[in-house]
Amino acid sequence: MNLPTVIVTGGAGFIGSAVCRYLVSNQIANVINVDVLTYAANLTSVEPVAHADNYTFVKADICDAEAMQQVFEKYQPDGVMHLAAESHVDRSITGAQKFIETNVLGTSVLLDAALKHWRGLDKEKADTFKFLLVSTDEVYGSLGADGLFEEVTPYDPSSPYSASKAASDHLAIAWHRTYGLPVVISNCSNNYGPYHFPEKLIPLIILNALHHKPLPIYGDGSNVRDWLFVDDHAKALWTILKTGELGEKYNVGGRNERTNLEVVQTVCRLLDDMVDSTPEGGHESLITYVTDRPGHDARYAIDATKLENELGWKAEENFDTGIKATVQWYLENESWWRPILEQKYAGERLGL
Ligand code: NAD
Ligand code: DAU
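Residues numbered from 1 in each chain as written. Chains lettered and ligands numbered in written order. Predicted model: local features only at pLDDT ≥ 70, side-chain atom pairs only at ≥ 80, totals over all residues. Heavy atoms only, no water.

1. Notes on the sheet that holds strand S11 (residues 257-259)
Read from one edge to the other, the open sheet built from three strands follows the order S7-S9-S11, with strand pairing classed as mixed. Pairing within the sheet leaves two strands with one partner each, and these edge strands are strand S7 (190-192) and S11. With direction set aside, neighbouring strand axes in the sheet form an average angle of 50 degrees. (Pairing = 2+ DSSP bridges. Helix = DSSP H or I, 4+ residues; strand = E, 2+ residues; numbered from the N terminus. Axes fitted to C-alpha atoms, helices over the stretch in contact; angles between N-to-C directions.)

So, in structure tokens, the structure goes:
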């Protein structure tokens, strides 16, 4: 197929798998999914596209310089979408080193492999090659009651996770300024949707509620996150890879701020309507306030004007429709989440 070849790292994770499904099923790119398959990975998340001609899976570690060089030599990519990372704040509080290894060192290894590949390209290919680093709004730290994160907001990360992501952003910009590598960066808000690993708030709450287990809310539930449906993020990432200006950053978000308590209550009300077995007092009666997350950022909110005005992307899903579709997906896909609960993660508290 005469499509651009794109390496997607972390393509067996939550967002990476959405990127793979989007690019492969719409015949947008020839995808090389490079993933080492940590606890957070799940090849069933890419099963819908796994047999397509424009999809290849390579099990490899981004920290392994030789393996990365081989991947670039073998597949000769036209671009890279770098999503592979340790992604869970609570796990970074329990143990930071893996986050530094993967998110900082791994990113530098990948940047070096991309640089070597880019330097060997003929002019036409070198001029269109691009490396997209997929990052997070958490690099900006915490907002007060007002204001939004803009691309020029100073970096002020709070957790080992967000500090490691901030470091990888700085590395990518350094490889651009120093070596000329064609780099763009995206900083996105909280994603939600199908295939989300149940250590994260929304899938944890859905699955705990389904099992009539306590619904843990850190602190008083007033912390605010800005929620984006994962398929909107996948489309934004492709837009940024294709049309983003080199050396620039783009914030990604859908203007869907909610307190954690509002999110949990919304899931509870949906489940009250959607399942037969509702606990007495409704699913909200399961809400339990627990010890706060150390260093818990109060509020995230994204100003995505640059991405919307300059590159023409806009979120299509709003939180009310997206969260309903997400709850429905978990109700219909027990075969996806049951093995995770039984073999990998049963919902225990992390990060204290
Ligand atoms: P995830 O934890 O669901 O998936 C991460 C994937 O990376 C897994 O498949 C894992 O196996 C793979 N991986 C980890 N270490 C690797 C290594 N050394 N080599 C190769 N593969 C490795 O993460 P996610 O939520 O899909 O996030 C993807 C990216 O998007 C991350 O970089 C994250 O920082 C960023 N991000 C996430 C969100 C969010 O809300 N989830 C928001 C903004 C940005
Ligand atoms: O903002 C983007 C970030 O969003 C990404 O960079 C991260 O990879 C992603 O994990 C996510 O980080 P958060 O820490 O915001 O997501 P999490 O789902 O862990 O928590 C969302 C909010 O819910 C946060 O304020 C903590 C709270 N929370 C979380 C859990 C797991 C609870 O109240 N109870 C819980 O059990």
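2. Here we look at the site of ligand 2
Around ligand 2, the structure places 22 residues, and the nearest of them are Thr-136, Asp-137, Tyr-161, Arg-293 and His-296. One nitrogen or oxygen atom from the main chain of Leu-201 is found 2.8 Å from an oxygen atom belonging to ligand 2. Here ligand 2 has 690 Å² of accessible area as a free molecule, and 94% of this is covered by the chains. Going through the elements one at a time, helix H7 (201-210) and strand S8 (215-218) are the ones with two or more residues in the shell around ligand 2. The leading source of residues in the shell around ligand 2 is S8, at three residues. Broken down by class, the residue content of the shell around ligand 2 amounts to nine nonpolar, seven polar and six charged. (Near = heavy atom within 4 Å. Polar contact = N/O pair within 3.5 Å; in protein donor to acceptor, adjacent residues only side chain to side chain. Areas by Shrake-Rupley, 256 points an atom, 1.4 Å probe, with all protein chains shown as cover. Nonpolar A, V, L, I, M, F, W, Y, C, P; charged D, E, K, R; others polar.)

3. Here we look at the site of ligand 1
If you check the shell around ligand 1, you find 28 residues, and the closest are Ile-15, Asp-35, Ser-87, Tyr-161 and Lys-165. Within the backbone of Asn-191, an N or O atom sits 2.9 Å from an oxygen atom of ligand 1. Burial of ligand 1 by the protein chains amounts to 96% of its free accessible area of 830 Å². Contributions of two or more residues to the shell around ligand 1 are made by helix H1 (14-25), strand S5 (130-136), helix H6 (160-179) and S7. Examining the composition of the shell around ligand 1, we find that three residues originate from one element, S5, more than from any other. Here the residues of the shell around ligand 1 sort into 15 nonpolar, ten polar and three charged.

4. Quick notes on the sheet that holds strand S10 (residues 249-252)
Strand order across the open sheet formed by seven strands is S3-S2-S1-S4-S5-S6-S10, with parallel pairing between neighbours. The strands lining the two open edges of the sheet, one partner per strand, are strand S3 (55-59) and S10. Direction aside, neighbouring strands of the sheet carry axes that sit 20 degrees apart on average. Relative to S5, strand S4 (residues 79-82) is paired through four bridges, and the arrangement is parallel. Directly across from Met-81, in S5, lies its bridge partner Leu-132. Contacts between H6 and the sheet are confined to S5, strand S6 (183-188) and S10, with S5 contributing the most and set at about 160 degrees to the helix. (Contact = heavy atoms within 4.5 Å.)

5. Some remarks on the pairing of strand S2 (residues 30-35)
In summary, the side chains of a regular strand alternate between the two faces of the sheet. In terms of burial, S2 is largely enclosed, as six of its six residues are buried. As paired elements, strand S1 (residues 5-9) and S2 share five bridges and run parallel to each other. Pairing of Ile-7 across the sheet is with Ile-32, part of S2. (Buried < 20%, exposed > 50% of the residue type's maximum accessible area, 1.4 Å probe, protein only.)

6. Remarks on the nonpolar core
Side chains of a nonpolar character, in soluble globular proteins, are inclined to be buried together. Counting residues in each nonpolar core, the largest one holds 43 residues, and the members touching the most others are Val-8, Val-19, Leu-23 and Met-81. Of all the secondary-structure elements, those providing two or more residues to this core are S1, H1, S5, S6, helix H8 (230-243), S10 and helix H10 (305-311). If near-sequence neighbours (up to four positions away) are discounted, Leu-23 is found in contact with Val-8, Ile-28, Ala-29, Val-31, Asn-54, Met-81 and Trp-238. Counting 33 residues, the second largest nonpolar core, distinct from the first, contains Tyr-195, Ile-206, Trp-227 and Phe-229. (Core = buried A, V, L, I, M, F, W, Y, C linked by side-chain atoms within 4.5 Å.)

7. What about the side chain of His-233?
Note on placement: His-233 falls in helix H8. Residues within four places of His-233 in sequence aside, it is in contact with Ile-15, Val-134, Cys-188, Asn-191, Leu-228 and Val-252.

Note that every value here comes from positions in space, so none of it alone points to a role or purpose.
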